[in-house]
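Summary of structural features
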Amino acid sequence: MPPPPHVGASSGANHLIKKCAATTALREARRIHALLTTTPIPTESPLFIHNNILSMYARCGSLEDSQLLFDKMPHRNVVSYNALISAYSRSHHRAHLAFHLFGRLENDTSLAPNGLTITSLLQASAELGDPILGSALHSQCLKIGFSDNLHVQTSLLGMYSKCGSVDYAKKVFYQMMDKDVISWNSIISGHVKNGRVLESLALFQSMLSDGVNPTQFTYSLVLSACAKLQDYDNGRLVHAKVLTSGTCIDLPLQNSLLDMYCSCGDIRTAIDVFYRIDNPDLVSWNSMIGGYSESGNGGKAMEMFIQLRRVSRHKPDEYTLAAVISATSGFPSCEYGNPLHAHTEKTGLMRSVYIGSALISMYLINDDSVSSQKIFSSFSFKDAVLWTDMIAGHVRIGESEAALHFFRVFSSEGLRIDSFILSSVLAACADLVTLRQGEMIHSWVLKTGNNAEVCVHSSLIDMYAKNGEIGSAEYVFSCLPESDLMCWNSMLTGYSHHGKAKEAFQIFFKMLKHGLKPDQVTFLSVLAACNHCGMVGKCRYFWRSMKECGFRAGPKHYSCMISLLSRAGLWEEAEEMIVESPFADEYVESWRSVLSSCIKNENLREGIRAAEQIVSSDAEDSAANVLLTKLYAAAGRWDDVVETRRKMRKLMMEKDHPGLSWIEVRNSFHVFFSGGQSQLENGEILSEVGKLSANLMPSVVEDADIMLQVSD
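Note that the structure is predicted; figures quoted are calculated from it, not measured.

About the thresholds
- Residues numbered from 1 in each chain as written.
- Predicted model: local features only at pLDDT ≥ 70, side-chain atom pairs only at ≥ 80, totals over all residues.
- Heavy atoms only, no water.
- Helix = DSSP H or I, 4+ residues; strand = E, 2+ residues; numbered from the N terminus.
- Buried < 20%, exposed > 50% of the residue type's maximum accessible area, 1.4 Å probe, protein only.
- Contact = heavy atoms within 4.5 Å.
- Salt bridge = Lys/Arg side-chain N within 4 Å of Asp/Glu carboxyl O.
- Axes fitted to C-alpha atoms, helices over the stretch in contact; angles between N-to-C directions.
- Parallel < 35°, antiparallel > 145°, perpendicular 65-115°, else oblique.
- Left-handed = near helix turned anticlockwise from the far one by under 90°.
- Nonpolar A, V, L, I, M, F, W, Y, C, P; charged D, E, K, R; others polar.
- Core = buried A, V, L, I, M, F, W, Y, C linked by side-chain atoms within 4.5 Å.
- Arc of directions from axis to C-beta.
- Phe/Tyr/Trp six-rings, centres within 6.5 Å; stacked < 30°, edge-to-face > 60°.
- Lys NZ or Arg CZ within 6 Å of the ring centre and 35° of its normal.
- Disulfide = S-S within 2.5 Å.
- Patch = residues over 30% accessible without salt bridge, like charges linked within 9 Å, V, L, I, M, F, W, Y side chains within 5 Å.
- Areas by Shrake-Rupley, 256 points an atom, 1.4 Å probe, with all protein chains shown as cover.

**Focus on the environment of V166**
The topology assignment puts V166 in helix 10 (residues 166–175). Of the residues examined, V166 reaches a relative accessible area of 3% and is grouped as buried. Between the C-alpha atoms of V166 and K193, which are 27 residues apart in sequence, the distance is 9.9 Å. Residues in contact with V166, not counting those within four places in the same chain, are Y160, G190, H191, N194 and R196.

**Describing the pattern of salt bridges**
Within the structure shown, the criterion is met by 13 salt bridges. Notably, a salt bridge pairs D71 with R104, separated by 3.6 Å at the nearest N-O pair. Within this pair, whereas D71 is found in helix 4 (residues 63–72), its partner R104 is found in helix 6 (residues 96–107), the two being separated by 33 residues in sequence. Relative accessible area serves as the criterion here: at 35%, R104 is assigned to the partly exposed category. The salt bridge partner of E127 is K162, with a shortest N-O separation of 3.3 Å. With a gap of 35 residues between them, E127 in helix 7 (residues 115–128) and K162 in helix 9 (residues 150–162) connect regions that are remote in the sequence.

**As for the packing of helix 5 (residues 78–89) against helix 6**
Here helix 5 crosses helix 6 at 160°, and the two axes come no closer than 8 Å. Judged by the angle between their axes, helix 5 and helix 6 are roughly antiparallel. Once helix 5 is placed against helix 6, the crossing between them reads as left-handed. For the pair formed by helix 5 and helix 6, the contact residues are Y81, L84, I85, Y88 and S89 on the first element and L97, A98, L101, F102, R104 and L105 on the second. Its residues assigned to classes, the contact of helix 5 with helix 6 shows nine nonpolar, one polar and one charged.

**A closer look at the nonpolar core**
If you look at the biggest cluster of nonpolar residues, it comprises 182 residues, and the most contacted ones within it are M288 and V594. Examining the composition of this core, we find that eight residues originate from one element, helix 25 (residues 419–432), more than from any other.

**Considering helix 16 (residues 267–275)**
Looking at helix 16, one finds that the buried residues are I267, A270, I271, V273 and F274. Angularly, the buried residues of helix 16 cover 155° about the axis, an arc narrow enough to put them on a single face. In helix 16, the exposed positions angled more than 90 degrees off the buried face are occupied by R268 and Y275. Buried-residue contacts for helix 16 involve helix 15 (251–263), helix 17 (282–294) and helix 18 (298–311).

**Some points on the packing of aromatic side chains**
All told, the structure shown has 23 aromatic pairs when counted by the stated rule. On the numbers, 6.2 Å between centres and 70° between planes, the contact of Y232 with Y261 is edge-to-face. Of this pair, Y232 sits in helix 14 (residues 232–245) while Y261 sits in helix 15, and the two are 29 residues apart along the sequence. With relative accessibility at 4%, the residue Y261 sits in the buried group. With centroids separated by 4.9 Å and ring planes inclined at 80°, the aromatic side chains of F376 and W387 adopt a geometry described as edge-to-face. Highlighted residues: F376 in helix 22 (residues 369–378) and W387 in helix 23 (residues 384–396), separated in sequence by eleven residues. Here F376 and W387 have matching classes, each one buried. The positively charged end of R76 is found above the aromatic ring belonging to F70, 4.7 Å away from the centroid.

**Some details on unusual backbone geometry**
Of note in the backbone geometry, Q230 takes a positive phi value of approximately 55° without being a glycine. Following the sequence through the fold, Q230 ends up in the loop between helix 13 (216–229) and helix 14. If you check the backbone angles, D367 has positive phi at about 60° while not being a glycine. Along the polypeptide, D367 turns up in the loop between helix 21 (353–365) and helix 22.

**Some points on the state of the cysteines**
Applying the stated rule across the entire model yields zero disulfides. Note on C262: no disulfide assigned, nearest cysteine sulfur contributed by C264 at a separation of 9.5 Å. According to the relative accessible area criterion, C262 is buried, its value standing at 8%.

**Things to note about a nonpolar patch on the surface**
There is a patch of nonpolar side chains on the surface, built from F509, L512 and Y541 and spanning about 250 Å² of accessible area. Tracing the sequence through the fold places L512 in helix 30 (residues 501–513). For L512, a relative accessible area of 36% puts it in the partly exposed group.

**Things to note about the environment of A323**
Position of A323 relative to the elements: it lies in helix 19 (residues 318–327). Apart from the residues within four sequence positions on either side, A323 is in contact with I289, G290 and S293.

**Section: the side chain of Q67**
Positionally, Q67 belongs in helix 4. Take Q67: its relative accessible area is 19%, and that puts it in the buried class. Apart from residues lying up to four places away in sequence, Q67 is in contact with L84, Y88 and R104.

Right under this line is the structure:
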């Protein structure tokens, strides 16, 4: 006997209702809606069907269709309201409409909100970033008796955390009687995202002590915290915990492991983790490229980028390109930078601030300020990141006047001035030795509340020290209660530049008493102080200490030692150090230090040797050739004098770029260059020079001292 007609119709309708719960395509959703409207369903109420269609439209992202259906529904229950409130709460631009609906629900005396209503509204508050609205809902929870609802409590945690009110989130958390793993994850996540990373690790330990088993998401959060802190030891312990607990390692957890190892500089383990991933996603590739970039291995980063394009179905995004451009910025731009720039143009990603920032930095590192300016100008809206790159980049390549110009334009744009920009501008003032402008920036630091930032504090000390205001530098140093190594180094460098070796040594040993470990900059500063004051014994002591601390001497460390040994007349020891130094680029400069000291100490033999070493490496070094000629003359080697002068005439050595100097007078810069006659006050200057010359004591120079005459 065939089934009654309504049974077949009911079966088809039930099938359509099940499809409602699975459909995410709007076109399919509208087709199902039409079928359900025309199909009689005797077993289900119209309200049940309408609520299913309402949820279906919300899932498809069509809030307009959801609202239209909601308004046309003859009857609604709390499920209807919750479906639409939940949909609005997930949309940042429409989250406020959830509260309008909540108002309508409260006006309906036959209905009352439930826990799902409150959790959706708390999500809406989090989307809006409005803790006041969230606090009002919290009060509502207490009034209507939802304070013990675990889902509501967890939503309160998430809302306060997302709004940046971590302390309120902690209060809610500690008032919870039953804390499940979701609650623990929520509070740990809130601390990580709000920069309270150390506390998040302490919470993880408390979670383990309470006997709650971490999930994959928990481990991902804790590994992210270790990455931010560059806490390699704890990161490895967490990795070991993951392995011993038997947790299934999914792709997000593998990516967190990659991020942790890359952030901590262990690229070898990171690449091992990477090759164990069956199907790495773009986050995996970006982590590896970024890791190589951070470790300074631009070649490997480029290899990973090429491999990504060859073997992966994923296309590079803005983060990929920004990372690989940054990684290869140390190479000549014609090798990698320009081709990557062209590739970015083809992909249509040039509007990305991340890529723009990376390209600006790359071109400035390559001393190509014209190209960096073109990229900078191509952005109609320039955020603080782009401005910072332009200002800091120009300071880095020695174009501090341009950096100050960009800062003046930036400050007129009304954008927020942060510590990075202020630190860069102070560095520009230090390079240009412009005290008045440096003091103006200092007042800006105080106005913007950046005086507690370590990088700004360090730059202020450096600026005052380089402007000769060592007392002001000391005062700034004393104002920071917990100076870190950067500030100690700045103060130490200031004393070194001013030849205050005693004060430099005092601050070095005081720094050690505070438990700070010296770095290469610290040792360079004390070596420079020894060099300024001719303290050979002390310099040898700090040189040994540096090596005992495991630091490899850099070119500037060698330069200090060679300069000091030369000036002390220890030329053989200085020559041994030149040979020992692995820095070939500094070879000529080292011999110049020896040559300079030989001239001052009238050592003909060593002076000739030093000058010959310079000329053999750089035949066009005009200063060395002139000095070598005079040294030969002083030694009576007239044939060598003739030969050297012949070479000089052949090379036609002239100064292409005259030396520049400048002074700041009443907020104006006055620039002078060798042979320049363009200053308006030139006559007055020459007159003053004449007065000074008349007062100079004449000096008698014997023929044997011809080597001391260094001008033609």
